[in-house]
Amino acid sequence: MCGIIGYIGPREATPLLIEGLRRMEYRGYDSAGVALWDGEAIEVRRAAGKIAKLEAAIAADPVDGMVGIGHTRWATHGAPNERNAHPHLSADGSVAVVHNGIIENASVLRGALQDLGYVFRSDTDTEVIAHLVQELFDGSLEEAVIHALRKIEGTYGIAVISSRDPGKIVAARKGSPLLIGVGNGENFLASDASAILAHTRQVVYLDDGDVAVIERDSYRVIDLNAMPLPRDVDRIDWDLAEIERGGYAHFMLKEIFEQPQSVENTMRGRLMLEDGTAKLGGLNLSHEDLLRIDNIIITACGTSWHSALIGELLIEELARIPVEVEYASEFRYRNPIVTERTLCIVMSQSGETADTLAAMREAKRRGARTLGLVNVVGSTIAREDDGGVYLHAGPEIGVASTKAFTSQVVALALFTLKLARKRDLSVVRGREIAQALHALPAQIQEVLDRAPAVEAIAERFKDATNFLYLGRGFNFPAALEGALKLKEISYIHAEGYPAAEMKHGPIALIDEHMPVVFIAPHDAVFDKIVSNIQEVKARSGTTIVITSRDEPALRGLIDHEIRIPETLDMLMPILASVPLQLLAYYIAVKRGAHVDQPRNLAKSVTVE
Ligand code: AGP
């Protein structure tokens, strides 16, 4: 989704802004731009398309200065062209604004400003902010921004510079993440820590309602009444190397191959093999709290929602607590049954997904305890939840989530283990699960070692137009996730179903052109899924079967086989999802698709 970068200091800002924008490319965008104070006026350069186009525009008409802001835009209001790209200038050119989020009362404000004679040059909601700040300016940029924000309804992360108060960047946040990068004699602003990590590890995360006034040697955070707010400086503890490709052709491939380590990191220091339980420091739930839980709601979007479905099965199986999995976008607009004995688990890789954040706030408002399972440290969900379990999967840059998914399932398994051991689960069973979790990293490596076989299957099916993914029990969510991966990055239509559900409709689609991926390890429902594979073969469908043994029952039914190691049924989706990720990846690459930044998608969806 949109990205914001800002710089103020002794260095030429343009290359720093471009570098920051490049680091945020993974978030997804369709235009980009920069605005700089060059000592006399504010200069803006923008371009539709990739950052290379912006660089070309700057090369054709160079611009520099020591105060600047930049933006990558993911279109919401108005087409993704140059005139709608940010930054937007006020009518007299004295104010430049970049904005993430949506101004809900933009058309009302636009009408009022037009009545005052302001002429709009874009179709965006953001342009109203630039004109408003110009209109309300009375000597201090932060005061003008605060006055403007009081008139605005909606969500924003903004950065503003002005030629009438040039030695500062004013930023504000409501619903869209922003942080200050604290340097030595220079300061940064960014919507994503990766944009500034090459220059500083010291960051100040802004909260909703914060306004930051950033100058070369100092910064301050104030509220919308201009009263000072204390804000801590945090330290980012991951490395630049983690957000670089390190020899892999794509971030997605790197992240798929990182899974032995990322899963290990999710468990590190938490898995108690001897006691058959897990130690989770950030839960903020006492023994009594864990016993008081009557029901659990897990809310999430996309891939995180798929991991939530596995969580539901895990918790109900082991801890015997009723669980409902809710699309975050639906949860907040209905009347869910939430009591003070409800635990709301919030799953999010980014910790910034707007729907998920809003669902968490709604659950809190209704009295539930909230528990965030989040990857990005310091993200909004992680800061607002009542307790949390960080995934520690490391930065995930590819838009298609891979290592975060497997770490989410592992984190859910750890939480379930702890919860279940506090309730009815025996130590013997707890140990068995803990041992199986412990074995996962090496087993994932075994699957990864078979990547060439998956690539060969991808070659065979790269021109398919449809795919079905079928699984049962714990592997049904893995089927959904496999289908989503393929759709997202290869643009092939794919559907995931519980395998037995196929005969209630999708079976009509089966013919010799329909590849069907079955997740059929040797588990409790193996015999059942064999029947479903027979149903497909009987209709000339082509089968790609992920299985864990040389099963006589499968002979003659498999056109293409992918073997995975055996584990407990409940952990099987972790191993099964790895070849599904690889299959989607190799197919997308062979079709020439833009794997890390698929069309129309954003890494973190910070608008509703
Ligand atoms: C995953 O491949 C997707 N790009 C998407 O579905 C994602 O999982 C979803 O937007 C939720 O994101 P979050 O986990 O950061 O909240």
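Because the structure is predicted, anything quoted here is derived from the model rather than measured.

**Topic: the sheet that holds strand β7 (residues 156-162)**
Piece 1. Within the open sheet, the six strands sit side by side as β5-β6-β7-β8-β12-β13. Their pairing is antiparallel. Both outer strands of the open sheet, β5 (88-89) and β13 (219-222), are each paired with one neighbouring strand and no more.
Piece 2. For strand β12 (residues 211-214) and β13, the ladder comprises four bridges, and the chain directions are antiparallel. If you follow V213 over to β13, its bridge partner there is R220.
Piece 3. Sheet strands in contact with helix α4 (residues 127-136) are β5, β6 (95-100) and β7, and its direction is about 140° off that of β6.

**Details of the sheet that holds strand β2 (residues 31-37)**
Piece 1. Taken together, eight strands build an open sheet; the order of strands is β3-β2-β4-β1-β10-β9-β11-β14 and the sheet is antiparallel. Of all strands in the sheet, those bounded by a partner on one side alone are β3 (42-48) and β14 (234-235).
Piece 2. Sheet topology note: the β2/β3 ladder contains seven bridges and is antiparallel. Each residue of the ladder has a partner; that of S31, found in β3, is A48.
Piece 3. Each of β1 (3-8), β2 and β4 (67-73) is contacted by helix α1 (residues 13-23), which is oriented at about 25° to β4, the strand it contacts most.

**Some remarks on the environment of Y205**
Piece 1. When you line up the elements, Y205 lands in strand β11 (residues 202-205).
Piece 2. In this structure Y205 comes out as buried when scored by relative accessible area, which is 16%.
Piece 3. As for Y205 and G181, which are separated by 24 residues in sequence, their C-alpha atoms are 8.9 Å apart.
Piece 4. A polar side-chain atom of Y205 sits 3.4 Å from the main-chain carbonyl oxygen of V377.

**Thoughts on unusual backbone geometry**
Piece 1. Residue H86 is joined to P87 through a cis peptide bond whose omega torsion reads 0°.
Piece 2. The residue H392 is not glycine, and still its phi comes out positive at about 55°.
Piece 3. The topology assignment puts H392 in the loop between β21 (387-390) and α13 (403-422).
Piece 4. H392 sits in the partly exposed class, given a relative accessible area of 37%.
Piece 5. The residue Y491 is not glycine, and still its phi comes out positive at about 65°.

**Digging into the packing of aromatic side chains**
Piece 1. Using the criterion set out here, one finds six aromatic pairs in the structure.
Piece 2. A centroid spacing of 5.3 Å and a plane angle of 70° characterise the contact between Y585 and Y586, whose relative ring orientation is edge-to-face. Comparing Y585 with Y586, the two get one shared label, buried.
Piece 3. A network of ring pairs unites the aromatic residues F461, F467 and Y469 as a single cluster.
Piece 4. Lying over the aromatic face of F461, R460 brings its terminal NZ or CZ to 4.4 Å of the ring centre.
Piece 5. Its end group placed over the ring of Y491, R599 keeps NZ or CZ at 3.8 Å from the ring centre.

**Structural notes on the pattern of salt bridges**
Two side chains with opposite charge may pair up if their charged atoms get near one another.
Piece 1. Within the structure shown, the criterion is met by 42 salt bridges.
Piece 2. D61 is the partner of R45 in a salt bridge, and the nearest nitrogen-oxygen pair spans 3.2 Å. Linking R45 in strand β3 with D61 in the loop between α2 (51-60) and β4, this pair joins segments that are 16 residues apart in sequence.
Piece 3. You can call D61 partly exposed: its relative accessible area is 42%.
Piece 4. In this structure, the salt-bridge partner of R46 is E82, at a minimum N-O distance of 3.5 Å. Taken as a pair, R46 in strand β3 and E82 in the loop between β4 and β5 lie far apart in primary sequence, 36 residues in all.
Piece 5. The exposure class of E82 is partly exposed, given its relative accessible area of 38%.
Piece 6. A cluster of three or more residues bridged by salt bridges with shared partners is formed by E455, E459, K462, D463 and K590.

**What to know about the domain arrangement of the protein chain**
Piece 1. On domain assignment, one finds that the protein chain holds domain 1 (2-237), domain 2 (245-446) and domain 3 (451-590).
Piece 2. The centre of domain 1, based on its C-alpha atoms, is set 46 Å off from the matching centre of domain 3.

**Looking at the nonpolar core**
Piece 1. Ranked by internal contacts, the top residues of the largest apolar core, which has 96 residues, are I296, I345, F415, L437, F467 and Y469.
Piece 2. The dominant element in this core, judged by the number of residues it contributes, is helix α18 (residues 572-590), at 13 residues.
Piece 3. When we break this core down by domain, the ones giving at least three residues each are domain 2 (245-446) and domain 3 (451-590).
Piece 4. If sequence neighbours within four positions are ignored, I345 has contacts with I296, I297, I298, T299, I315, L371, L373 and F415.

**A look at the pairing of strand β18 (residues 323-327)**
Piece 1. Taken together, the five bridges between strand β17 (residues 295-300) and β18 define a ladder with parallel strand orientation. Its bridge partner lying in β18, A300 is registered against Y327.
Piece 2. The parallel pair β17 and β18 is bridged by helix α9 (residues 302-318), and the resulting crossover is right-handed.

**Digging into the side chain of Q349**
Piece 1. Looking at where Q349 falls in the secondary structure, it is placed in the loop between β19 (342-348) and α11 (354-365).
Piece 2. Using a relative accessible area of 9% as the deciding quantity, one classes Q349 as buried.
Piece 3. A distance of 3.1 Å separates polar atoms of two side chains, one belonging to Q349 and the other to N375.
Piece 4. Ignoring sequence-local partners within four residues, the contact set of Q349 consists of S304, V374, N375, V376, E396, A404, Q408 and K603.

**A look at the site of the ligand**
Piece 1. Not every one of the 13 residues close to the ligand is listed here, only the nearest: S304, S348, S350, T353 and E488.
Piece 2. In this structure, S348 approaches the ligand through a side-chain N or O atom, which is 2.6 Å from an oxygen atom.
Piece 3. One nitrogen or oxygen atom from the side chain of K485 is found 3.0 Å from an oxygen atom belonging to the ligand.
Piece 4. Relative to its free-state accessible area of 410 Å², the ligand is covered by the protein chains to the extent of 91%.
Piece 5. Elements represented by at least two residues in the shell around the ligand include exactly α9 and α16 (475-490).
Piece 6. The element best represented in the shell around the ligand is α9, accounting for three residues.

**Digging into the packing of helix α14 (residues 427-449) against α18**
Piece 1. Axis separation between α14 and α18 bottoms out at 10 Å; the angle between their running directions is 30°. As summarised for this structure, α14 and α18 are arranged roughly parallel, according to the angle between their axes. Where α14 crosses over α18, the handedness of that crossing is right-handed. Counting all contacts with α14, which are made through L440, Q443, I444, V447 and L448, the residues of α18 involved are I574, L575, V578, P579 and L582.
Piece 2. Considered class by class, the residues forming the contact of α14 with α18 number nine nonpolar, one polar and no charged.

Conventions used here
Each chain has its residues counted from 1, following the order in which its sequence is written. In keeping with the predicted nature of the model, local features appear solely for residues at pLDDT of at least 70, side-chain atom pairs appear and are counted solely at 80 or more, and the whole-chain, interface and lining totals rest on all residues. No hydrogens and no water enter the side-chain calculation; it runs on all heavy atoms of the structure. Should DSSP find at least two bridges between two strands, the strands are taken to pair. In this description a helix means any DSSP run of H or I spanning at least four residues, a strand means any run of E spanning at least two, and both kinds are numbered starting from the N terminus. Between two residues, a contact is recorded if the distance between any of their heavy atoms is within 4.5 Å. Here an axis means a line fitted to C-alpha atoms, over the contact stretch when the element is a helix, while the angle between two N-to-C directions is reported on a 0 to 180 degree scale. Any residue under 20% of the maximum accessible area for its type is buried, any over 50% is exposed, and the rest in between are partly exposed; the area is computed with a 1.4 Å probe on protein chains only. For the purposes of these results, a polar contact is taken to be a pair of N or O atoms within 3.5 Å, where, inside protein, one atom must be able to donate a hydrogen and its partner to accept one; residues adjacent in sequence count only when each atom of the pair is a side-chain atom. For Phe, Tyr and Trp, rings pair up if their centres lie within 6.5 Å, where Trp contributes its six-membered ring, and each pair is then called stacked (planes under 30 degrees apart), edge-to-face (over 60) or tilted (otherwise). Here, a charge over a ring means that NZ of Lys or CZ of Arg falls within 6 Å of the ring centre while also lying within 35 degrees of the ring normal. Between Lys or Arg on one side and Asp or Glu on the other, a salt bridge is scored when a side-chain nitrogen of the former is within 4 Å of a carboxyl oxygen of the latter. Domain borders in the structure are assigned automatically or taken from a domain database. We call a set of buried residues a nonpolar core when its members are Ala, Val, Leu, Ile, Met, Phe, Trp, Tyr or Cys and they connect through side-chain atoms within 4.5 Å of each other. Looking down the strands as they point away from the viewer, one classifies a crossover as right-handed if the path from the first strand across the helix to the second runs clockwise. Throughout, near means a residue has at least one heavy atom within 4 Å of the molecule or strand. For accessible areas, the Shrake-Rupley method is used with a probe of radius 1.4 Å. Any residue's cover is judged against the shown protein chains and nothing else. An angle below 35 degrees is treated as roughly parallel, one above 145 as roughly antiparallel, one from 65 to 115 as roughly perpendicular, and anything else as oblique. Crossing handedness is defined as follows: a turn of the near helix away from the far one that is anticlockwise and smaller than a right angle gives a left-handed crossing, while the clockwise case is right-handed. When residues are grouped by polarity, Ala, Val, Leu, Ile, Met, Phe, Trp, Tyr, Cys and Pro land in nonpolar, Asp, Glu, Lys and Arg in charged, and all others, Gly among them, in polar.

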